[in-house]
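Each chain is listed here by its residues.
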Amino acid sequence: MTSHTIWEVPGGIHPPENKAQSMAQALAECPLAPEYILPLNQHIGAPSAPLVSVGQSVKKYQLIADAEGIFSAALHAPTSGTISAIEERLIAHPSGLSAPCIVIAPDGLDEACPLEPCEQPFALEHAAIVAKIRQAGLVGMGGAGFPSAVKLNPHANTSINTLIINGTECEPYITADDMLMQTHTHELLEGVRLLAHTLGNPDNVLIGVEDNKPEAIAALQEAAHKANQKHGCDIQVVSFPTKYPSGGEKQLIYILTGQEVESGKIPASLGIVVQNVGTAVAAWRAVRYGEPLIERITTVVGQSLQVQRNMRVRIGTPMNFVLEQNGFMASQSARLIVGGPMMGYALEQTCVPVIKTTNCLLAPSHSEMPEAPPQQACIRCGHCAEACPAGLLPQQLYWYARSDEHEKLEAHHLFDCIECGACSYVCPSSIPLVQYYRAAKGDIRKAAADKLKSDKARERFEHRQERLAKEEAAKEAKRQARKAAAELNKAKMAAQQAATETSHSQNLASTSTHKDIQPPAIPAIASAEELVANAATAAKAQQDPTLDKARLSRTVESLASSITRMKAQMAEAVSEGLDPSRIEKMAAKLKQTELKAQEAKTKLDAFDKTLATGVLVDAAAQKMMASPQDAAAKTLSSLQKRLSKAQELHLEAVNENKPSADALKQGVIKLEQKIEEAKQALSEAQNAAPSSSSSEPQQPDAAAAAIERAKQKVQAAASMTPEQKAQAAVESLQKRLSKAQERYAKAQETHDENLEAFATGVEKLELKLKAAMEAQQEGSEQA
Amino acid sequence: MLDWMINNPVPSALLVLAALSLSFGAILGFAAVKYKVEGDLLVEQIDALLPQTQCGQCGHPGCKPYAQAIADGEAINHCPPGGQATINSLASLLGVEAPSLDAEHGQAPEVKQVAYIREEDCIGCTKCIQACPVDAILGAQKKMHTVIESECTGCDLCVEPCPVDCIDLLPVEEGVREWAWEKPNADLIASDRVPSPNSAEASV
């Protein structure tokens, strides 16, 4: 054997070893327990899924729960019997909580189901060996319980160059691995060879053992020597000075290879795999004999026991049963610790089962392990930093943990703490440092989980908000569409109403000015959309009417002034007796200018007219938008105003004995008639649409324009003879009637939905025409 | 040019400074537009610290609106589900003194809760589904509803609308996986400790 270089890990402590007590006696077999409790989660990862049901009888080695996913392990019956329950039972956990367990009531026969041995395990493929190890439910037996099959199946791109078998067992009191190495040396070496074979025969295969186990080292070296000679392999047994905690995975890797595993990485990133000696033996038994993991060697030690020794204990054996086998004196016992004094945890109940990772049951007496004295203030001695094998600053971590400064804790690499307890051990103030770190780790993990959950909740909340907004928008769009359709409908109805209304109002006073206001009347009869469009164009034309008007009037003015200037010049020329041809020229020029002025004036007039038309169109649109009721009311009020005005005019004419008095009287009478009609229309509208809302606010401009228009009409009417008026009214009515009839016929052809409205329009026009003709006759008779 | 600058050092220095400040101003202005940070960072940061139960106990319709309100100057102690931990982290984010929880908005819950629908009593009215801010309730008209436990924030908003009172808020059961070590009681002193019955005789 060649000597191997040893590196020294920083920190570490030398607590009393207390290993002799349990090594004094030979390995014992724990008898059949009255009950076996098998927790479904004895490993890191997902709990296994039960394959049996209550009342079912099972045999020893039978698979009772299968691995659920990759990070999980199978579970086998430790003896034959019946499944008495699958329920929550107390388990060996620092929390003292319960977890789902399969409970087996043994039948005492210990009947085994047939196993599948393999005579040539080294002829097996990698995958086959890993599958067998997985089927056997193997987990790391050192304490963490990491599923072994996962460790033996590194990522395809990582090649393993070193296999380390951990036989360090640095924790005081525990001797299970020591006993295993001494009693199962051959199996261990075969297991090591098998694991090396599984990992593709790495260059270095090292078995690391602390130098406080000389018997084990001697036995291993002899066996390794034999194996190396027989099989041509190179297994090295390396012993190194005892120091706690050399058995930590990262510490052992450093001691044996001088390499440090990066924070947050696994040893496989360096091409290293570490397996416990117990795991190696179990792997050999699983592959060679097909034997699943149903038992392990556990150290049962402590001064409250009459016998302290190592025992082969089946998984699931209640701890109180194991203790009873060793003469447990409950009165002497301070507490029951699972694991060693450094990293183990105290149990509140002893009825919990031994699991795959239980390497030690420590039942110390009060004097052996007195309760830790109360913690005192940190004196900042710095011993903890010297003791820390991970190179951390325990004191800083302590302060941050006390004040819940999670970010700072993570910045100080709290998660690299292996919780070995060296810092607490050396602390002169007896501060339970590790407990602070464990609590802080738990808090940080919990906070991370909460953060994850709250992020998910936020996401869900935001998605919900988004969805609701979308739904609301869709609803609103529908509502808008419905509203638009309703408005269109209403506008159509209103247009019809307005058409009739306008015909009323026009009828009364329009007579000779009728031609001027016909443009708004026609679109009023036409469809509502057209009207709106017209109104819009009118509005556009009106955009800056004052400016245009001003420009036009300026032109007119300048032309007028130039005409007067020219006239003056011409008069001067005539009086001075200038050349007649020149005077003629001047006259022609004057004529031209006069023509231009005329043109400008007509333009200005036309502009004024279009302005007025725009206003009228506006008014018509306004009317159309307003409900029929409003329109009728408006008409009525304007008519009343006109009547009062007409009455005034008439009175004036009578007083002054004017010839137009008669005509004015006629007008007043007519207006009275109209008012009567309008009143009727209003009441009709009120009856027809009692519920129709007067939604449109009255625009003062439009109202004023309507008043203005009515005034103009009355004035125009006043300046006409009654005969003329009557004649004009009859003519216009006839025109409109023929137009309306045309439209009605067209509507009949196309089956327009507003057919009825057209029909009533025609009827009304006919009535009006009749009335107008009568009035005309009356007028002519009077005349 | 150079001669003039040499002859008139003060005006030329002023000119150079003015040119520099103008050019730097232009660069800064361009950068401000080009690399403009979208959204309100402070609100996002505050929102990230809030527990996202969306319970409305703070008086805002969700955690984001409360985050906005905090950014606008509201007190940071209106969030009972977050408890003192949230207040502390908010205080350290905003650089203010951490107040204690405002009791007006409710007490911090002792344990985490989730809603649970007693399914035999559910009439399938969908009222709780509409109330749930995180869509954690499944169900349809006249069909039994149930709560997706992993998504429930325990905000309590579904309890009130239920016409048959079939929703309970149950404490989340802590399993072995969720369990964590407790912080040691640092204030314990020697005389506080109750001596165990055998310790006296053992030490003799």
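Small disclaimer: the values here were computed from a predicted structure and weren't measured.

### Quick look at the state of the cysteines
Here is step 1: A full pass over the atoms with the stated rule returns 0 disulfides over all chains.
Here is step 2: Cys427 of chain A takes part in no disulfide bond, and the closest cysteine sulfur, belonging to Cys381 of chain A, lies 6.2 Å away.
Here is step 3: Classification of Cys427 of chain A by relative accessible area gives buried; the value is 16%.
Here is step 4: With no disulfide partner, Cys125 of chain B has as its closest neighbouring cysteine sulfur the one in Cys162 of chain B, 5.8 Å distant.

### Quick word on the pairing of strand β14 (residues 309–314) of chain A
Two faces, one strand: in a regular strand the side chains alternate between the faces of the sheet.
Residues and elements named next belong to chain A.
Here is step 1: Counting buried positions along β14 gives 5 out of 6 residues, so the element sits mostly inside the fold.
Here is step 2: Pairing between strand β1 (residues 28–29) and β14: 2 bridges, direction parallel. Bridge pairing in β14 links Glu29 to Arg312.

### Quick word on unusual backbone geometry
All names here are of chain A.
Here is step 1: Here the residue pair Tyr244 and Pro245 is connected by a cis peptide bond, since its omega of 0° sits within 30 degrees of zero.
Here is step 2: Mapped onto the elements of the fold, Pro245 is located in the loop between β11 (235–240) and α7 (249–257).
Here is step 3: One non-glycine residue with positive phi stands out, namely Glu169, at about 45°.
Here is step 4: Mapped onto the elements of the fold, Glu169 is located in the loop between β9 (162–167) and α4 (176–183).
Here is step 5: A positive phi angle is found at Asp404, which is not glycine, with a value near 55°.
Here is step 6: Turning to its location among the elements, Asp404 is positioned in the loop between α11 (394–402) and α12 (406–411).

### Thoughts on the confidence of the model for chain B
Residues and elements named next belong to chain B.
Here is step 1: Mean pLDDT for chain B: 85, with 91% of residues reaching 70 or above.
Here is step 2: Ranking the elements of chain B by mean pLDDT puts helix α7 (residues 199–203) last, at 41, and helix α2 (residues 9–34) first, at 94.
Here is step 3: Taken as a whole, residues 196–204 scores under 50 in pLDDT and shows 7 contacts with residues more than four places along the chain or in a different chain.
Here is step 4: Our summary of model confidence lists the complex with pTM equal to 0.65 and ipTM equal to 0.79.

### Topic: the interface of chain A and chain B
Here is step 1: Chain A puts 42 residues into the contact, and the matching count from chain B is 44 residues.
Here is step 2: Across the interface of chain A and chain B, roughly 3,400 Å² is buried in total on both sides, 52% from carbon and sulfur atoms.
Here is step 3: It is Arg460, Phe461 and Arg464 of chain A in chain A that bury the most area against chain B; as a group they hold 18% of the surface buried on that side.
Here is step 4: At the surface where chain A touches chain B, the tally comes to 7 salt bridges.
Here is step 5: Put simply, Lys183 of chain B and Asp404 of chain A hold a salt bridge, and the shortest N to O gap is 3.4 Å.
Here is step 6: Residue assignment for the side of chain A that touches chain B shows that the elements contributing at least two residues are β8 (98–106), α11 and α14 (433–509) of chain A.
Here is step 7: Tallied by class, residues from the side of chain A that touches chain B come to 16 nonpolar, 12 polar and 14 charged.

### What to know about the confidence of the model for chain A
All names here are of chain A.
Here is step 1: Counting all residues, the mean pLDDT for chain A is 82, and 81% of those residues have values of 70 or more.
Here is step 2: This stretch, residues 509–529, has a pLDDT under 50; its non-local contacts, to residues over four places away or in other chains, come to 45 contacts.
Here is step 3: Low pLDDT, under 50, characterises residues 538–543; the predicted model gives this stretch 6 contacts beyond four residues in sequence or across chains.

### With respect to the sheet that holds strand β4 (residues 57–58) of chain A
All names here are of chain A.
Here is step 1: Reading across the sheet, the 4 strands line up as β2-β8-β7-β4 and stay open at both edges, with antiparallel pairing between neighbours. Edge positions in the sheet fall to β2 (36–39) and β4, since each has one partner strand and no second.
Here is step 2: The pairing of β4 with strand β7 (residues 81–90) spans 2 bridges and is classified as antiparallel. Within β7, the position partnered with Ser57 by the bridge is Thr82.

### Concerning a nonpolar patch on the surface
Here is step 1: Where nonpolar side chains cluster on the molecular surface, the patch consists of Val16, Leu17, Leu20, Phe24 and Ile27 of chain B and spans about 480 Å² of accessible area.
Here is step 2: For Ile27 of chain B, a relative accessible area of 52% gives the class exposed.

### Side note on the packing of helix α3 (residues 41–49) of chain B against helix α4 (residues 63–71) of chain B
To describe two helices that pack against each other, one gives the angle between their axes and the distance between the axes.
Residue and element names in this part refer to chain B.
Here is step 1: Running from N to C, α3 and α4 cross one another at 125°; their axes reach a closest spacing of 8 Å. Regarding the angle of α3 to α4, the classification is oblique. In this structure, the crossing between α3 and α4 has a hand that is right-handed. In this structure, α3 uses Leu42, Val43, Glu44, Ile46 and Asp47 to contact α4, whose residues at the interface are Cys63, Lys64, Ala67, Gln68, Ile70 and Ala71.
Here is step 2: Residue composition of the contact of α3 with α4, by class: 7 nonpolar, 1 polar and 3 charged.

### Some thoughts on the packing of aromatic side chains
Each aromatic ring pair is specified by the distance between its two centres and by the angle formed by the two planes.
Residue and element names in this part refer to chain A.
Here is step 1: Within the structure shown, the criterion is met by 5 aromatic pairs over all chains.
Here is step 2: Relative to Phe146, the ring of Phe71 has its centre 5.7 Å away and its plane inclined at 75°; by these criteria the two rings are edge-to-face. Here Phe71 is found in the loop between β5 (63–66) and β6 (75–76), whereas its partner Phe146 is found in the loop between α2 (126–135) and α3 (148–151), with 75 residues between them in sequence.
Here is step 3: Classification of Phe146 by relative accessible area gives partly exposed; the value is 25%.
Here is step 4: Look at Tyr398 and Trp399: their rings are 5.0 Å apart centre to centre, the planes differ by 50°, and that puts the pair in the tilted class.
Here is step 5: A cation sits over an aromatic face here: Arg193 above Phe122, 4.1 Å from the ring centre.

### Thoughts on the pairing of strand β13 (residues 295–301) of chain A
Residues and elements named next belong to chain A.
Here is step 1: Summarising burial for β13: 6 of the 7 residues are buried, a large majority.
Here is step 2: The pairing of β13 with strand β17 (residues 360–362) spans 3 bridges and is classified as parallel. Its bridge partner being in β17, Thr299 is matched across the sheet by Cys360.

### With respect to the environment of Glu149 of chain B
Here is step 1: Relative to the elements of secondary structure, Glu149 of chain B occurs in the loop between β3 (146–147) and β4 (167–171).
Here is step 2: Separated by 35 residues in the primary sequence, Glu149 of chain B and Val114 of chain B have C-alpha atoms spaced 6.5 Å apart.
Here is step 3: Setting aside chain neighbours within four positions, we find Glu149 of chain B in contact with Lys453 of chain A together with Val114 of chain B.

### Remarks on the sheet that holds strand β16 (residues 345–347) of chain A
Residue and element names in this part refer to chain A.
Here is step 1: Sheet architecture is open: 6 strands sit in the order β1-β14-β13-β17-β15-β16, paired in mixed fashion. In this open sheet, the two strands that pair with only one neighbour each are β1 and β16.
Here is step 2: With respect to the sheet, α4 is in contact with β13 and β14, its orientation differing from that of β13 by roughly 125°.

### Side note on α2 of chain A
Residues spaced three or four apart along an α-helix face the same direction, because each turn holds 3.6 residues.
Residue and element names in this part refer to chain A.
Here is step 1: Among all positions of α2, only Ile129, Val130, Lys132 and Ile133 are buried. Taken around the axis of α2, the buried residues stretch over an arc of 160°, which confines them to a single face. In α2, the exposed positions angled more than 90 degrees off the buried face are occupied by Ala127 and Gln135.
Here is step 2: Of the surrounding secondary structure, the elements contacted by the buried residues of α2 are α3, α5 (185–198) and α8 (277–288).
Here is step 3: At the exit of α2 stands Gly137, carrying a positive phi of roughly 70°.

### Here's the deal with the pattern of salt bridges
All names here are of chain A.
Here is step 1: The tally for this structure, following the rule as stated, stands at 34 salt bridges over all chains.
Here is step 2: Among the salt bridges present, the one from Glu8 reaches Lys243, with a minimum N-O distance of 3.1 Å. Remark: Lys243 occurs in the loop between β11 and α7 and Glu8 occurs in the segment before α1 (20–23); sequence separation between them is 235 residues.
Here is step 3: Assessed through its relative accessible area of 64%, Glu8 is described here as exposed.
Here is step 4: For Glu476, the salt bridge identified is with Arg479, shortest N-O distance 2.6 Å.

Calculation rules
Residues numbered from 1 in each chain as written. Chains lettered and ligands numbered in written order. Predicted model: local features only at pLDDT ≥ 70, side-chain atom pairs only at ≥ 80, totals over all residues. Heavy atoms only, no water. Disulfide = S-S within 2.5 Å. Buried < 20%, exposed > 50% of the residue type's maximum accessible area, 1.4 Å probe, protein only. Helix = DSSP H or I, 4+ residues; strand = E, 2+ residues; numbered from the N terminus. Pairing = 2+ DSSP bridges. pLDDT = per-residue confidence, 0-100. Contact = heavy atoms within 4.5 Å. Buried area = accessible area lost by both parts, 1.4 Å probe. Salt bridge = Lys/Arg side-chain N within 4 Å of Asp/Glu carboxyl O. Nonpolar A, V, L, I, M, F, W, Y, C, P; charged D, E, K, R; others polar. Patch = residues over 30% accessible without salt bridge, like charges linked within 9 Å, V, L, I, M, F, W, Y side chains within 5 Å. Areas by Shrake-Rupley, 256 points an atom, 1.4 Å probe, with all protein chains shown as cover. Axes fitted to C-alpha atoms, helices over the stretch in contact; angles between N-to-C directions. Parallel < 35°, antiparallel > 145°, perpendicular 65-115°, else oblique. Left-handed = near helix turned anticlockwise from the far one by under 90°. Phe/Tyr/Trp six-rings, centres within 6.5 Å; stacked < 30°, edge-to-face > 60°. Lys NZ or Arg CZ within 6 Å of the ring centre and 35° of its normal. Arc of directions from axis to C-beta.

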